[in-house]
4 protein chains.
Amino acid sequence: MIIVMRPNATKEDMDYVLQRAEKLGLKPHISKGTERTIIGLIGPEDALRAMPLEAFPGVEKVIPVLAPYKLVSREFKKEDSVIPITSRLKVGGKQIVVFAGPCAIESEKILLEIGEKVRSAGAVAMRGGAFKPRTSPYAFQGLGLEGLKILSAVSKKLDMPTVTEVMDPRDVGLVAQYADVLQIGARNMQNFNLLKEVGQSKKPVLLKRGLSSTIKELLMSAEYIMAEGNHQVILCERGIRTFEDMTRNTFDVSAIPLVKQLSHLPIIADPSHAAGTWNLVGPIAKAAVAAGADGLIIEVHTKPEEAVSDGAQSLLPEKFKTLMQELQKIALAINREI
Amino acid sequence: MIIVMRPNATKEDMDYVLQRAEKLGLKPHISKGTERTIIGLIGPEDALRAMPLEAFPGVEKVIPVLAPYKLVSREFKKEDSVIPITSRLKVGGKQIVVFAGPCAIESEKILLEIGEKVRSAGAVAMRGGAFKPRTSPYAFQGLGLEGLKILSAVSKKLDMPTVTEVMDPRDVGLVAQYADVLQIGARNMQNFNLLKEVGQSKKPVLLKRGLSSTIKELLMSAEYIMAEGNHQVILCERGIRTFEDMTRNTFDVSAIPLVKQLSHLPIIADPSHAAGTWNLVGPIAKAAVAAGADGLIIEVHTKPEEAVSDGAQSLLPEKFKTLMQELQKIALAINREI
Amino acid sequence: MIIVMRPNATKEDMDYVLQRAEKLGLKPHISKGTERTIIGLIGPEDALRAMPLEAFPGVEKVIPVLAPYKLVSREFKKEDSVIPITSRLKVGGKQIVVFAGPCAIESEKILLEIGEKVRSAGAVAMRGGAFKPRTSPYAFQGLGLEGLKILSAVSKKLDMPTVTEVMDPRDVGLVAQYADVLQIGARNMQNFNLLKEVGQSKKPVLLKRGLSSTIKELLMSAEYIMAEGNHQVILCERGIRTFEDMTRNTFDVSAIPLVKQLSHLPIIADPSHAAGTWNLVGPIAKAAVAAGADGLIIEVHTKPEEAVSDGAQSLLPEKFKTLMQELQKIALAINREI
Amino acid sequence: MIIVMRPNATKEDMDYVLQRAEKLGLKPHISKGTERTIIGLIGPEDALRAMPLEAFPGVEKVIPVLAPYKLVSREFKKEDSVIPITSRLKVGGKQIVVFAGPCAIESEKILLEIGEKVRSAGAVAMRGGAFKPRTSPYAFQGLGLEGLKILSAVSKKLDMPTVTEVMDPRDVGLVAQYADVLQIGARNMQNFNLLKEVGQSKKPVLLKRGLSSTIKELLMSAEYIMAEGNHQVILCERGIRTFEDMTRNTFDVSAIPLVKQLSHLPIIADPSHAAGTWNLVGPIAKAAVAAGADGLIIEVHTKPEEAVSDGAQSLLPEKFKTLMQELQKIALAINREI
């Protein structure tokens, strides 16, 4: 931690900082410049972070040096984490894992139909929402428990593992009974009690980046889950909110290599929610794979114009099939497989 | 709802849109231009919103005309809503209501000390957090139930109503026992299950705008609470996330008059969280009052340098007192009181 | 300047940094922690800024300590700068200076009519554009020289000084002949050659903050002008680009007190461009004054529905008059006048 | 253009809108709903855009239907534009064109050295700045004319065409004498007089997207150039300004396919400026190619730690070589070449 003192800071101000720091067992290094005095505090930054250093008299600025996350960091674990979904399917290895399916679960018939199509196109896992976070209280909120049961039934029939969103800490146990991966949606990335709850579950967690969350905050939310004991965290870039209004969100492709540098956790991409419209899903998916994503989660619907949610961004099965073929070529070009 | 068809849309595409619209009892108006055909659908937009019109073949763009919120809107209720906190204290009337207190509840001694100071300076209600949403799992998470008990005890001693945050749908009943106003924090503005839960409570709700939520989304979250039957909603502008990094958040002062135009609900301002540093709290508070805010919620601490949370943005009691005097003059200038 | 070395930095990496720093006459302070080594470089940061320290082997992060601006800073000049526009009118003193007028100059008749109205309502200076930066090449681009002549003629008739935009370094001399204050528009805030050109002029400059410029960048652009010898710079907050789409831009009210802390230069506010719609102009103007703005620049038009540019955000003269009366009360409340 | 009237709009308000519209030769379609009346105006929107419809009494909202750009649009020209740089080199065809070189031109020796390296790695054109837009007036501003001469000399020696930035309308003629492509930098994307000036030049123009410009604004700036008669415009995505602070800018990969849908102009990517740090350049470059970019412009330096500008984001020649090999594989996978 670096503390920059104001030009007019007094000796008392300096002494107060040094005294508080020494109480915490930190070794200060003082650098006196012509304009400013700087105090470098060497030692565990966590203790310092809890102190309101910026409220100390005479302090102008406080600059943290170390990253605030630990368990998620590359320094904590050098090699890539590989998260097992089932005995055969893993996220974070050579295989780029594709989850596909409708936005919301509507009926067993439709889900099965979509599931068969995406499986035959090369998807190895299914997505589908039973609990839907909707901006409007009047919009379709998902089938709930009934949806979970449909998801589980179709999953068995097709022998495909599943991911589905959990929105409420009270539902974690229930969702964990029916799905293979628990999804934390973008709007809940900083729902800390929900993070703690899935942190106590034994299921892998797919943690989506919040619409306006920094990469550092994404990693801190993963830290919440890992701090509770669940180290099976898969991160997901799904676009951030910017001033650009031609896309639903701005897909932050740099987040993929950045997360890989900072953390050992795998990261996948959700091109459907970033794009908001099906005809951008393909290019974003290809970009994500080329940038090093460990997987994709893509919305597919046999009749987008009848979907109860997010139809506009759903691919038709035949377009999804073509996309999968293109993605396979890109995966090969970067020495991975899909 | 306006539907803009692609230049190459076929007659079948048009017919499909018309047929689906008519099934919902909507009356279409067709305008054929040289470049585009436009279909105006007159009638209840809610039914339409549920349809993935953008996924229809031949549709280029869908433009909603009516606002998606109802109960919160000025059209639903013309006169300003006034929310009673206690028999004597109301938010939304001529009086600009000031909530003040520490970020987090630390001990009864400290809270009482701060409470006495802010009351004597003119604050009429107290703030203080028992459940703290923190970016890091290793940071102080609040005293929880013990904090609620302290808040309630100090509230009685000082005869000041209180607001405190509730983060978990499971805690709504508990918090409602101890506090007068339930606060939904910025990170939970779209925690829809939490909104539903406070919507079923009888207590007034202070709903903070999310860091990257639009004003429309803020109103839709208020709609969630009102749709459950609780019409006692107080909105709060607390700064949004932008590229500017010299302030913690960018206080969106325009949100205050805009909300007043669109909605009958009162709106207050939180200058402390927007600023992130105490020496901007005063100017932002004054600006908010001049722009028409119905109240303020301000962090005050007797020893900011020992606060367990957000010390840097807390005002010292004497600075708060001076600010209150300045605010009283501005309130008078705009024909209100504080 | 603080240099944070990577955990795996070698002794050679360290030595290279130290050697380059010493060549520049800088005194390094080394702090060895358990996780990182930190080098504090004390001395003139400017020399360092020119070095690509982040490209040095072994360097993880470079953290500047001092602000990059000099002439604009409070440390360079403690007391507020007061910029004289004419012998009687000054910006930056007790008086809050109001510039008002149409977006674009349309004809002498209209400008005179508007000028008389705003003068009688209390405006002391006129605004009006002869060169208009427009997003579309097909939109009205301003009357150019003819507009300047009209502005100058009306200015003399009404005895009101004027501000008008200059967009092209080739036009600075011309505009300076006709107007009292040279305006640099938001889109040209980082048109560095234009800044240098107005820096060589003798006229006061009104420098508008760019749509997505940080406060630090605004100050650096002012530094460009001052570095050329022209110290008569008036800054202007006019709203920044954010995700919120209900306002044209988000008026960053905190910029006003922040600039006052960092710089001795006066800052005024442009509520019209921030709002984008006339019915928000009043509340934003009041907020700006309450937050400490030294002036306002407001669009007024007698027939907004016939204005050739920005009619939607123009106030009618009678609304402007009422606003001026309200602003006078707020000015009094904060011990200023208007 | 769709005009939404306020619920309380009078018959006079309606009539005024209709009358003004009819004067412009537009055919109105009126749709009366229970809550709002909507007027669809069919005909040339340009005439309407010039009218301040939102300032009309009784008008609530104005919604444009047609895009404001023409010459740049896909509707104006269906097939992809291919821009010839020299007789052999074209941008916009099957070949993905790579421009590489230092940020700033420092000396003939260094430029030649870098040029040889990038050519042998597969770059077909050179970049290098003679005029540098710098945030600080005290930073290196480029070698100017001397830099242009060096660029031209090295270009001849290596037989590689060049791109270099022009910042001032007064320099367009000069720069056009020495360089093959005129670059408009991000900060000048809306420097309209500069756009007009390069629009009158005969040289191809590389137009970079502004830091906070929408895709629509980028296209409108291209329209400025084309409207002057120069149709040789190459667009460039180089990252936008967002709240994320771990990258210098957020590379908006979706802009590439979006521009391809809306316009016939080619678009290339600048991963160096988006990343701000060399170790993200590779992944972003790969993503851009996979998403359909027609070219790349990449900063390479033989001694980044001695570069006078942007060393931190420059690739070493050997890293650039490896990247080119990886890019060739991805280009093949999508049926293009590099």
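Just so it is clear, the model here is predicted, and its values are computed rather than measured. (Residues numbered from 1 in each chain as written. Chains lettered and ligands numbered in written order. Predicted model: local features only at pLDDT ≥ 70, side-chain atom pairs only at ≥ 80, totals over all residues.)

Asker: How should the relation of the copies chain A and chain D be read in this particular structure?
Answerer: There are two copies of the chain, and a rotation about an axis plus a shift along that axis relates them. Mapping chain A onto chain D is achieved by rotating through 180° and translating by 0.0 Å along the same axis, at an RMSD of 0.0 Å. Both copies of the chain, as the preceding transformation shows, are related through a two-fold rotation axis. The position closest to the rotation axis in chain A is occupied by the C-alpha of A:Ala287, lying 2.0 Å away. In this assembly, 100% of the residues forming the interface of chain A have copies in chain D that are likewise at the interface, indicating an isologous arrangement. (Least-squares fit on C-alpha atoms with pLDDT ≥ 70 in both. Contact = placed C-beta atoms within 7 Å.)

Asker: Where do I start with the interface of chain C and chain A in this structure?
Answerer: Interface size is often expressed as the accessible area that is lost when the parts come together. Contact residues are listed per partner, giving 19 residues for chain C and 19 residues for chain A. Mapped by element, the contributors of at least two residues to the side of chain C that touches chain A are strand E1 (2-5), strand E2 (27-32) and strand E3 (37-42) of chain C. At three residues, the largest contribution of residues to the side of chain C that touches chain A is made by E3(C). For the side of chain C that touches chain A, the class distribution of residues is eight nonpolar, six polar and five charged. (Helix = DSSP H or I, 4+ residues; strand = E, 2+ residues; numbered from the N terminus. Nonpolar A, V, L, I, M, F, W, Y, C, P; charged D, E, K, R; others polar.)

Asker: How do you make sense of the sheet that holds strand E1 (residues 2-5) of chain B when you look at a structure like this?
Answerer: Paired through their backbone hydrogen bonds, the strands of a sheet run either parallel or antiparallel. All names here are of chain B. The strand order E2-E3-E1-E4 describes an open sheet built from four strands, whose pairing is antiparallel. Looking along the sheet, the strands with just one partner apiece sit at the ends: strand E2 (27-32) and strand E4 (59-63). Each neighbouring strand pair of the sheet contributes to a mean axis angle of 20°, computed without reference to strand direction. Two strands pair when backbone bridges link them, and E2 and strand E3 (residues 37-42) are joined in this way by six bridges, in the antiparallel orientation. Across the sheet, His29 pairs through a bridge with Gly40, a residue of E3. Along the sheet, helix H1 (residues 11-23) contacts E1, E2, E3 and E4; its crossing angle with E1, the most-contacted strand, is approximately 165°. (Pairing = 2+ DSSP bridges. Axes fitted to C-alpha atoms, helices over the stretch in contact; angles between N-to-C directions.)

Asker: Please clarify how the domain arrangement of chain A should be interpreted in this entry.
Answerer: Taken domain by domain, chain A holds domain 1 (2-63) and domain 2 (83-333). On a C-alpha basis, the centres of domain 1 of chain A and domain 2 of chain A stand 44 Å from each other. (Domains from an automatic or database assignment.)

Asker: What is the right way to read the relation of the copies chain C and chain A from this model?
Answerer: Screw-axis analysis of chain C against chain A gives a translation of 0.1 Å along the axis, an RMSD of 0.0 Å, and a rotation angle of 180°. Both copies share a contact surface, since 95% of the interface residues of chain C are interface residues in chain A too.

Asker: Before we go on, may I ask you to explain the packing of helix H10 (residues 278-290) of chain B against helix H10 (residues 278-290) of chain C in this structure?
Answerer: Relative placement of two packed helices is described by the angle separating their axes and the distance separating the axes. Their axes nearest at 7 Å, the elements H10(B) and H10(C) cross at an angle of 150°. By the angle class used here, H10(B) and H10(C) are roughly antiparallel. The two elements H10(B) and H10(C) cross, and the hand of that crossing is right-handed. Only C:Lys286, C:Ala287, C:Val289 and C:Ala290 of H10(C) make contact with H10(B), whose side of the interface consists of B:Lys286, B:Ala287, B:Val289 and B:Ala290. For the contact of H10(B) with H10(C), the class distribution of residues is six nonpolar, no polar and two charged. (Parallel < 35°, antiparallel > 145°, perpendicular 65-115°, else oblique. Left-handed = near helix turned anticlockwise from the far one by under 90°.)

Asker: Please clarify how the pairing of strand E11 (residues 205-208) of chain A should be interpreted in this entry.
Answerer: Regular strands show a simple pattern: their side chains alternate between the two faces of the sheet. All names here are of chain A. Burial along E11 is two-sided: the face carrying Val205 and Leu207 and the face carrying Leu206 and Lys208 are both buried. Across three bridges, the pairing between strand E10 (residues 181-184) and E11 is parallel. If you follow Leu182 over to E11, its bridge partner there is Val205. Of the crossover connections in this fold, the one passing from E10 over helix H6 (residues 192-199) to the parallel E11 is right-handed. Bridge count between E11 and strand E12 (residues 233-237): four bridges; the pairing is parallel. Each bridged residue has a counterpart across the sheet, and for Leu206 the counterpart in E12 is Ile234. For the crossover that starts at E11, traverses helix H7 (residues 215-227) and ends in the parallel E12, the hand is right-handed. (Buried ≥ 20, exposed ≤ 12 C-beta atoms within 10 Å, placed from the backbone. Right-handed = clockwise from strand over helix to strand, strands pointing away.)

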